[in-house]
Each structure stands twice: as structure tokens, then as C-alpha cells.
Amino acid sequence: VLFNSYAFLFGFLPPVLIGRWALRTKNQRLLFLTLASWFFYAWWNWKFLPLMLSTTTVDYIAALAIQATENQRRRNFWLISSLSINLGLLGYFKYADFFLNNLNGIGRVVGASPGLPVLHIILPIGISFYTFNSMSYTIDVWRRRVTPTRHILEYTTFVALFPHLIAGPIVRFMDLKPQLQNPRTRLTSHAAGVGCYFLVCGLVKKLLLADQLSPYVTTLFNHPHQLGFVSAWSAALGWSLQLYFDFSGYSDMAVGLAWLIGFRFPQNFNSPFKAVNISDFWRRWHMSLSAWFRDYLFIPLGGSRRGPRRTVVNLVITMFLAGLWHGALWTFVVWGLVHGAALGVHAVLKRAGMTPRSTIVNRVLTFAFVIAAFVIFKSPNLHVAGTILSRMAGSAGVESLSTLQAFLPARFVVLMLGLLAFAQLAPNTWEIRLKPRLVYGLATGAVAAAAVVSIAVPHKFIYFQF
Amino acid sequence: MESIAPSAGAEQVPADAPDAAAEERLERNLTPAIAEAGESAGYLRYALGTVVTMFVVLGAIFAFNVIVDPFSLAGTRLLPTALENDRTAKLDLIDKLKHNPQIVVLGSSRSRQADPKWIQELTGKTGFNAGVTGGDSADAWVMVRNIAARFPHAKRTYIWFVEQTIATNGINPQLAQDRRSSGYLGQAGPRFSLADVGTYLGFAATKASWRVAKACIEGHCHGRIRYQPDGALTPASQKFLPEKAASLPKSVKPHLKAAERAPTHVTPFDPRSPRYSYFEKALAYMNAHGATPVIVLNPIYPSIYTALQKRGFAKRNAGLALLRKLHTHFHFVVVDCTDIRVWHGKKKWFNNATHVNGPNMKLMLRYIVAHSQGAFR
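Please read these numbers as outputs of a predicted model, since none were measured by experiment.

A closer look at the overall build of chain A
Here is step 1 of the chain: Check the secondary structure of chain A and you find 19 helices and zero strands.
Here is step 2 of the chain: Taken over the C-alpha trace, chain A has a radius of gyration of 23 Å; the compact-globule value for 466 residues is 23 Å, and the two agree within 12%.
Here is step 3 of the chain: C-alpha extents for chain A along the principal axes are approximately 70 × 65 × 50 Å.
Here is step 4 of the chain: Of all 466 residues assigned to chain A, the portion counted as buried reaches 59%.
Here is step 5 of the chain: Here the analysis covers contacts within chain A between residues at least 6 apart in sequence; of these, 78% occur between residues at least 24 apart.
Here is step 6 of the chain: Summed over all atoms, the accessible surface of chain A reaches about 18100 Å², with 67% contributed by carbon and sulfur.
Here is step 7 of the chain: With 40 positive and 13 negative side-chain charges, chain A shows a separation of 4 Å between the mean positions of the two kinds.

Concerning the pairing of strand β5 (residues 333-336) of chain B
Residue and element names in this part refer to chain B.
Here is step 1 of the chain: Side chains Val-333 and Val-335 of β5 all project onto a buried face; the interleaved residues Val-334 and Asp-336 project onto a face where none is buried.
Here is step 2 of the chain: In this sheet, β5 lies alongside strand β4 (residues 294-297) in parallel orientation, the contact comprising four bridges. Within β5, the position partnered with Val-296 by the bridge is Val-335.

A look at the packing of aromatic side chains
Here is step 1 of the chain: Counted under the stated rule, the structure contains 59 aromatic pairs over all chains.
Here is step 2 of the chain: Considering the side-chain rings of A:Phe77 and A:Trp78, the 5.5 Å spacing of their centres and the 75° angle between planes classify their relative orientation as edge-to-face.
Here is step 3 of the chain: Given the relative accessible area of 31%, A:Trp78 is considered partly exposed.
Here is step 4 of the chain: Pairing A:Phe269 with A:Trp285 gives two aromatic rings, centres 5.1 Å apart and planes at 85°, and the pair type is edge-to-face. Taken together, the positions of A:Phe269 in the loop between α10 (229-260) and α11 (278-284) and A:Trp285 in the loop between α11 and α12 (287-298) put the pair 16 residues apart, joining distant regions of the chain.
Here is step 5 of the chain: Overall, the relative accessible area of 6% leaves A:Phe269 in the buried class.
Here is step 6 of the chain: Relative accessible area serves as the criterion here: at 0%, A:Trp285 is assigned to the buried category.
Here is step 7 of the chain: For A:Lys94, the ring lying beneath its charged end belongs to A:Trp325, and the centroid distance is 5.2 Å.
Here is step 8 of the chain: When the ring centre of B:Trp118 is taken as origin, the NZ or CZ atom of B:Lys362, which lies over that ring, is 5.1 Å away.

Quick word on the pattern of salt bridges
Here is step 1 of the chain: Using the criterion set out here, one finds 17 salt bridges over all chains in the structure.
Here is step 2 of the chain: For the salt bridge of A:Arg294 with A:Asp295, the shortest nitrogen-to-oxygen distance reads 2.8 Å.
Here is step 3 of the chain: Under the relative-accessibility criterion, A:Arg294 is labelled buried at 5%.
Here is step 4 of the chain: A salt bridge links B:Glu243 to B:Arg112, with the nearest nitrogen and oxygen atoms 2.9 Å apart. Remark: B:Arg112 occurs in the loop between β1 (103-106) and α3 (116-123) and B:Glu243 occurs in the loop between α8 (203-217) and α9 (248-260); sequence separation between them is 131 residues. For the pair formed by B:Glu243 and B:Arg112, the shared burial category is buried.

Let's talk about helix α19 (residues 438-453) of chain A
Here is step 1 of the chain: Between its first and last C-alpha, α19(A) extends 22 Å over 16 residues, near the 22 Å set by a 1.5 Å rise per residue.
Here is step 2 of the chain: Residues of α19(A) that are buried include every one of A:Gly441, A:Thr444, A:Gly445, A:Ala448, A:Ala449, A:Ala451, A:Val452 and A:Val453, and no others.

Focus on the environment of A:Asn76
Here is step 1 of the chain: By the secondary structure assignment, A:Asn76 is in helix α4 (residues 72-109).
Here is step 2 of the chain: A:Asn76 sits ten residues away from A:Ile66 along the chain, and the two C-alpha atoms are 7.9 Å apart.

Considering the interface of chain A and chain B
It is common to report an interface's size as the accessible area lost on association of the parts.
Here is step 1 of the chain: Taken together, the 68 residues of chain A in the interface contact 52 residues of chain B.
Here is step 2 of the chain: Between chain A and chain B, roughly 5200 Å² of surface is buried when both sides are summed, and carbon and sulfur atoms account for 64% of that area.
Here is step 3 of the chain: In this assembly, chain A and chain B are joined by zero salt bridges.
Here is step 4 of the chain: There are five residue pairs in polar contact (both at pLDDT 80 or more) connecting chain A and chain B.
Here is step 5 of the chain: Only α1 (6-22), α8 (173-181), α9 (189-222), α11, α12, α14 (330-351) and α19 of chain A provide two or more residues apiece to the side of chain A that touches chain B.
Here is step 6 of the chain: With eleven residues, the top contributor of residues to the side of chain A that touches chain B is α19(A).
Here is step 7 of the chain: Partitioning the side of chain A that touches chain B into residue classes produces 35 nonpolar, 17 polar and 16 charged.

Observations regarding the state of the cysteines
Residues and elements named next belong to chain A.
Here is step 1 of the chain: In the structure shown here, the tally under the stated rule is zero disulfides over all chains.
Here is step 2 of the chain: Cys-201 takes part in no disulfide bond, and the closest cysteine sulfur to it belongs to Cys-196, at a distance of 11 Å.
Here is step 3 of the chain: Residue classification places Cys-201 among the buried residues on the basis of a relative accessible area of 18%.

Observations concerning the packing of helix α3 (residues 49-68) of chain A against α4(A)
All names here are of chain A.
Here is step 1 of the chain: Where α3 meets α4, the axes come as close as 8 Å, and the angle between the chain directions of the two elements is 165°. Comparing the axis directions of α3 and α4 gives the class roughly antiparallel. Between α3 and α4 lies a crossing whose hand is left-handed. Every residue of α4 that contacts α3 at Leu-51, Ser-54, Thr-55, Val-58, Asp-59, Ile-61, Ala-62, Ala-65, Ile-66 and Gln-67 is listed here: Arg-75, Trp-78, Leu-79, Ser-82, Ile-85, Asn-86, Leu-89 and Phe-93.

Here we look at the packing of helix α5 (residues 127-142) of chain A against α12(A)
The geometry of a pair of packed helices is captured by two quantities: the angle between their axes and the separation between those axes.
Residue and element names in this part refer to chain A.
Here is step 1 of the chain: Running from N to C, α5 and α12 point in directions that differ by 35°, and their axes come no closer than 12 Å. The interaxial crossing formed by α5 with α12 has left-handed handedness. Only Leu-289, Trp-292, Phe-293 and Tyr-296 of α12 make contact with α5, whose side of the interface consists of Phe-132, Met-135, Ser-136, Ile-139 and Asp-140.
Here is step 2 of the chain: Looking at side-chain class alone, the contact of α5 with α12 contains seven nonpolar, one polar and one charged residues.

Considering the nonpolar core
Here is step 1 of the chain: Within the largest apolar cluster, 157 residues are counted, with the highest numbers of intra-cluster contacts made by A:Leu241, A:Phe273 and A:Phe374.
Here is step 2 of the chain: Per element, the largest residue contribution to this core is 18 residues, and it comes from α10(A).
Here is step 3 of the chain: With near-sequence residues (within four places) excluded, A:Leu241 lies in contact with A:Leu213, A:Phe273, A:Met416, A:Leu419, A:Leu420 and A:Ala423.
Here is step 4 of the chain: Among the nonpolar cores identified, the runner-up in size contains 51 residues, and B:Trp141, B:Ile166, B:Ala318 and B:Phe330 belong to it.

Considering the environment of A:Asn314
Residue and element names in this part refer to chain A.
Here is step 1 of the chain: Here Asn-314 shows up in helix α13 (residues 307-326).
Here is step 2 of the chain: Look at Asn-314 and you get buried, because its relative accessible area is 0%.
Here is step 3 of the chain: Sequence spacing of Asn-314 and Leu-297 is 17 residues, and the spatial spacing of their C-alpha atoms is 8.6 Å.
Here is step 4 of the chain: Here Asn-314 is in contact with Phe-298, Leu-301, Gly-302 and Gly-303, once residues within four sequence places are set aside.

Points about the sheet that holds β5(B)
Residues and elements named next belong to chain B.
Here is step 1 of the chain: Taken together, the five strands give an open sheet; going across it, the order is β2-β1-β3-β4-β5, and neighbouring strands pair in parallel fashion. With one partner strand each, in any of the chains shown, β2 (127-129) and β5 form the two edges of the open sheet. Each strand of the sheet is rotated relative to its neighbour by a mean of 20°, with strand direction disregarded.
Here is step 2 of the chain: Examined bridge by bridge, β1 and strand β3 (residues 157-162) share four bridges and lie parallel to one another. Its bridge partner lying in β3, Leu-106 is registered against Trp-160.

Calculation notes
Numbers given to residues run from 1 along each chain, matching the order in which its sequence is written. Chain labels run from A onward and ligand labels from 1 onward, assigned in the order the entries are written. Per-residue local features of the predicted model are confined to residues with pLDDT of at least 70, and side-chain atom pairs are confined, for both listing and counting, to 80 or more; whole-chain, interface and lining totals are unaffected and use all residues. As a rule here, side-chain values come from all non-hydrogen atoms in the structure, and water together with hydrogens is ignored. Every helix listed is a DSSP run of H or I at least four residues long, and every strand listed is a run of E at least two residues long, numbered separately from the N terminus. In this setup the radius of gyration rests on C-alpha atoms only. A globule is expected at 2.2 Å times the number of residues raised to 0.38. In this scheme, a residue with accessible area under 20% of its type's maximum is buried, one over 50% is exposed, and one in between is partly exposed, where area comes from a 1.4 Å probe on protein chains only. Two residues qualify as a contact provided that any one of their heavy atoms is within 4.5 Å of a heavy atom in the partner residue. In short, Shrake-Rupley with a 1.4 Å probe defines the accessible areas, and a residue's cover is counted only from the protein chains shown. Positive residues here are Lys and Arg, negative ones are Asp and Glu, while His and the chain termini are left out of the count. Every charge is mapped to an atom, namely NZ of Lys, CZ of Arg, CG of Asp or CD of Glu. Here, a strand pair is defined by DSSP locating no fewer than two bridges between the strands. For Phe, Tyr and Trp, where Trp contributes only its six-membered ring, two rings pair if their centres lie within 6.5 Å, and the inter-plane angle classes them as stacked under 30 degrees, edge-to-face over 60, or tilted in between. A ring is considered to have a charge above it if a Lys NZ or an Arg CZ atom is located within 6 Å of its centre and within 35 degrees of its normal. Throughout this description, the term salt bridge denotes a Lys or Arg side-chain nitrogen within 4 Å of a carboxyl oxygen of Asp or Glu. To estimate the expected span of a helix, count its residues, drop one, and scale the result by 1.5 Å. Accessible area that two parts lose when put together, evaluated with a 1.4 Å probe and summed over both, is termed the buried area. In protein, a polar contact means a hydrogen-donor-capable atom and an acceptor-capable atom, both N or O and within 3.5 Å, with residues adjacent in sequence counting only if both atoms are side-chain atoms; elsewhere, any N or O pair within 3.5 Å suffices. The residue classification treats Ala, Val, Leu, Ile, Met, Phe, Trp, Tyr, Cys and Pro as nonpolar and Asp, Glu, Lys and Arg as charged. All others, Gly included, are polar. Here, the term disulfide refers to a pair of cysteine sulfur atoms separated by no more than 2.5 Å. Here an angle of 0 to 180 degrees is reported between the N-to-C directions of two axes, which are lines fitted to C-alpha atoms, with helices fitted over the stretch in contact. An angle below 35 degrees is treated as roughly parallel, one above 145 as roughly antiparallel, one from 65 to 115 as roughly perpendicular, and anything else as oblique. Here a crossing is called left-handed whenever its near helix is offset anticlockwise from the far helix by less than a right angle, and right-handed whenever the offset is clockwise. We call a set of buried Ala, Val, Leu, Ile, Met, Phe, Trp, Tyr and Cys residues a nonpolar core when their side-chain atoms join them within 4.5 Å.

That's the geometry; what it means functionally is another story.
Have a look at this one:
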């Protein structure tokens, strides 16, 4: 079920809020939230609920087993078992067909087609997110950074909590532990106000901004061979803005819902298009994922402590896997590698003191790189990505006026430029210091109604596919 | 609480994104600026203001849409619907008929160019066009029964224009809510459901309601498409037909693309399927009253027809196979008009990719009458 649907907003959320705040004891509250979250997940496809439950059970047991022993070999055994099961399930459901297709492709190239049957596996929604949540827990226990919980409801609530279950933010047990151990006992007006604010901001970003760009962007990406210089850049810009407002809108809704049910989630976006270099971009874009890769992959690989060459290699490996995390497509892999290479180049240039000094130049260059790379992310295959990127480089020249008129209607251009200015200049939802006054409440309510009116045909959030 | 986020637009660029020192920074920013003011009475006013305003605005929108009822879902019927409501218009005309029509035209908007006066010229028999926008077998069933109720002892026969899929069991909401159809549709008609609440909270419904309300305020509340007493379109209505495309090639293009991707194989249509229930009911009723209806497969624009032919025309073949099966139980004549060349139709005489215009319909009717195997005698 989508956050931006009538069923969720008026069918699921109100009873969950009532139940959450009406129940008296900690166990009742956590049990209720767990069951509500499982119901939320099963609403999409109940057959995949056992998969999430098995991941939850494995990591709960593994973490306790790691904690129970001081023998390092046993601790390693439990960690490796947990990671193998988690990554095995993720690998099977997300990457098995990709692997088989590529094996068949290689076979055809070398003239020995193995003809392996493709399994047509359905990707369980949210698997990448809850697997990473759960894995971070066992790793942190193994690192002795966190004490595992014996209270199973604390753990099931941590993994399944519906606001972050499907598309993040990827929360750590450390983030939620105190909140799970002592769940808030009443919904304060403060929490309700902040929750409403974030929920409405998210709805507006998704429904009134991202979804409005969607048809124009789709048209542009469906006609890569007809694009010229301007329309190709418009495709890249339009898609980047759509993705940003869609995903940051989802994250805002998740944060708002968390506040409404008594939790606090970490910030997931911090005006990424204001980044002054590619490293800065990754501190601002999908922050919970980049922090996950930093803490559980980049730093264990050696981080930036083993000299420039090794730093570049570590960055490329990290970003390769971050790209692959997004999906089993070569476009994601290449997108990750391109970012890894850019991070590496930036690290080397920075060490040599060769980065531009002007903030404006840095911002423009970073933004241009990021939106060009997003073309690879969006394209159905590398051929389309290559076509659009070559047109962005001017290979087809500037298009005729009639082509521009066909691809770039005034509404799209105005919307795109408005959102570009907004993303570059305005404070983000975490920075806005809206005074909690009645008049702002009335305005927020009116905007919320406008967003709800546009729900009639809900569009999926882009990050659901990951 | 320390945030890993740098301050916006910072000149001092933080160290490379993943760095060693980050290992120590496990606490993340959980407190947005809006929450920094701490508890205050203002939050209660803000939260209540948000929730109450949202529900008041949504309630007003919903009430407005239910009152105007642009898609005829609530059954309010105070104003005309946003969509053309020719079902009610045709049922009204049937109520006012002075003589029994000897030939009744049934079908969708693709049949409404069939002029009963031309049919009379061809056959010598009076006619009535009961075709309606989006007309399906439930519409045909209700029209047949209403005409029969009006002239219970008179005989008549039928020209029934159908698509390649022959029929569905869907019931148009406007039809279901007309009191004159309720007796024939039983409980099958749709009721206002939760999904309709969503529809009437939506932008499309609100826009349609606004259009209807505005038209009423401006004094042209009732549509510009009018019918003559025999169900034929008035000449003045021709230019307002929704199917009248500004550009015929443009209207053909998407259909052509779809035809080029048409499935080469379809599951055979099963006559026992509920989708044919009203179709078969209507055939049985016509036969029981001595009529042999003429079932006409609607024409297809030539280039689309060619594209479908190349793909094996699976749907039409399945439709014809179904009609052959039904022939063992019912009496009817099939006239296949899909290929306009057989009835000497003109490629230019199409209103859009799917609708022939009046002159082309005349040519087609001449062919239908000639190949009706005496059904109109």
C-alpha cells in the first residue's frame, strides 16, 4: 500500500494512530505496531511476509548468540551465518535472474549458450531496505557497538516499523533503541504538529511536484533519438528533479509518520543539489544509505587511511556495490562506477589542492555531473543512456523549434525551472523554521487537501523498485 | 546532538564522504528545525488547524462533486453529467415514440450515424436508433426491453453493431441508475462504493464538476448533442461529436501502434462466460419474439485493419468463432464489415480512427441490408 493513497491515509493510518496511543503498556504498543506493520507489508503481497519474518528471526537469534560468547571464532561464525542468509536471500530474489541472463549472454558470445532458464522471480518490496536495517544490527552487535535486545517485540518493531519498511530511511538499531525501550506514552501536540508538517511536505513533494514532472520526463526518455542538446539536458534535469522530489517526499512522509507514532527517524536528504563537490553530494543524498555503505563497507575496506591509490579503489568498490544495491541492471552498476570514479578523482584532486576555489563553479560542476549521471540511472539500458548523454554533449546539435515545442511544453519548463530554483535556493524541510501558528496550520491543511485531491490515481514511489 | 549533515552551502567542504572519523559519528540528526522550539501551545493550534482544514476542504470538494455528480455515480441527477448522457436521452425518446419502430439500431457511438430514415429508404421499414455512447450488451438489453414494453404486441428486428470482442457484462453507471433499466438489470447495477468516494475526492471529478456547474451557470446546461425523435443525430450535433477528431491521421496513429503490437493469439471466447450474459439474453429475447437480428462487426480504419491482418487478427477470429458457437442456440445473421473495401467504404469518411461518418455509414447500411439474408423482410 502506498503512503499516497486513500486506503493508507484514511483506512490504515487513523486506526493505527488510535491503537498506538490508546494502548497502555510497552508490550501492547510494540505488539500492536509490529502487527500493524506486518499487515501493512502483507497488504502488498502476504506471500513475502514469511521472508521478512525469517530475516528478522535469523538476525535476532544471531545477535543474541554473538553477545552470549566471548569466543571470537563463534562470534564470527554467527555473524557470517547471519550475513550469508541475509545476502543469500537478497541475492536470490534481486540478482538471480540478472546473473542468469548475463551468463546466458556470455554463453552466446562465446558460442556455447548454456541456455539457463530465467526464474522470473518477483522482487519482494522493500527487501533491500529491511535487509540492510537488519544486517546493520548484527554487525553492530559483533562490533560491540550495541547491546542486542532480548525483547523480541523491540526487535520486530525495529525491523518492520511501517514508515521505514518499504523505502527507508535505513535506520540503525542505535537510532531507535532508546525509543523502543521506552516508547513514548502520549502523543504531544508538539509531535503531532511536527508529524503533520512532514507528512504534508512529503505529500506535496510527491503528488504536486514529482508526479507533475513524470509524464514529460517519460516522453523525453521514450524518444532518445529525437532529442537535441536542449531537450536532452531537459530530460536529465527533469528526471533528477522528479527523483529528488519523489524520494525526499517519501522520506519526509516516513519521518512525519514516525513522529505521529512516537518515533524519530534520521534525516535522509539535505539539499543534495546544493552540494559543492561529489563527496558533499553523497553526504546529502540518501544519507542513510551512503552512511550505511560508509560504515559497513568503505571503512572496513580501509577507508581513506591507506593512501590515495587504495582510497580510490575503496571508493570505486563501495560505489559499485551501492549502484548494484539499486537494482540488477547494468545501468545501476555503471551509474555506481561513474560515481565511484568521480569520488576517486575528487579525492586525488583535493589532496593535490587542484579543486576549483569558487563555490559557484563547484556547485555548477557538481550539479551538472550529478544530473548527467542520473541519465544512466533512469535509462532502460546503456544504449539509451549513451544516446541521451551524447546528445547532451551536442552530438545532434540544437533541435528545431518545433521539436522543442513538442518536447518542452511551457508548463513543463516553468515547473522545472521553478523546482530547480527551489532545490538550489530554498531551505529544505529539515531547515524550515515554521512557527507553529494557527494560520500556518490552516495553510498546511489547505495544501494537504490539494495534494489529497490529486491522489485519485496514485503513482508508485520510484524507490519502491529498489 | 551532532548532525552528519554539513550546513547548507558551506564553503568548508567536509572530508570525503566515507571517512574514518565517521565511525565515531553514530548519532544522526533526528531533530528538524521546526521541532526545535520545544513544546508550546502553538503546536496544538497548528496540528488542529492542519487536520481540520484538510477535512473541511476535502468534505466541501466531496459534497460539491456528489451534488453535481459529474460521472453519475451518486445518482443525484440534479445536473447533467460531464460525460454525454445519451442513455437517458434515448430512453426518453423511446417513451415518446408514437409508432413501433420496425428496425432498431443497437450498439455504441459507432452506430449512431445509422440514420433510420436511410434505413427506411433501403428497406421500407421504420426505424429507431438506440445506439449510445460506450453502448454494450447491457445497454442493448435495456433498450430492447423498453421498446418491447412500449409496443408489446408489435414485431421488429434489429441491426446490432458490435466490437471484435462481441460484448462485456459491464453496466454503465448512468444506465444502472435510470429507473427504466432497474427492472431489467436486477441487482447487477453498481452501487456507490468506497472507490467512488476516492473518485469524488479526486481532481478529475472536481474539474468535471466545475465544468458542468460553469456550463449551467452560463446557461447551456444541457449538452449540444441532440437527437431527432427516431434517435438519429440532428445535423447541428454533427460538429460537436466527441469522436470528431481534429486530425484523422493523428487519431489513427496510436491505434495503429497498438495494432502493430496486437497479440497474435488470444484465449478463445467462452460463450458460458458471464461477459456474454446480456448479449445472449438479448438474442434469446429477440428470437423468442420472432426476430432474427443482424449482428454487424464494426468497421476498422484500413491501415489499422492491415496491421491487424499482419498480426493474424486473433481477436476478430475469436469473436467470429464465438458467434459460430452461439449460432447453435440462437438465430442471427452476421455481417462482417471490418474491412471497409467489402462495402466500398471510403478511407476519408471517418470521423476518427474508430468512427465512420454519415456518408460512409450509408454505404455500410446498403451492404448490411443486401447481406441480411432476408432478416428485414
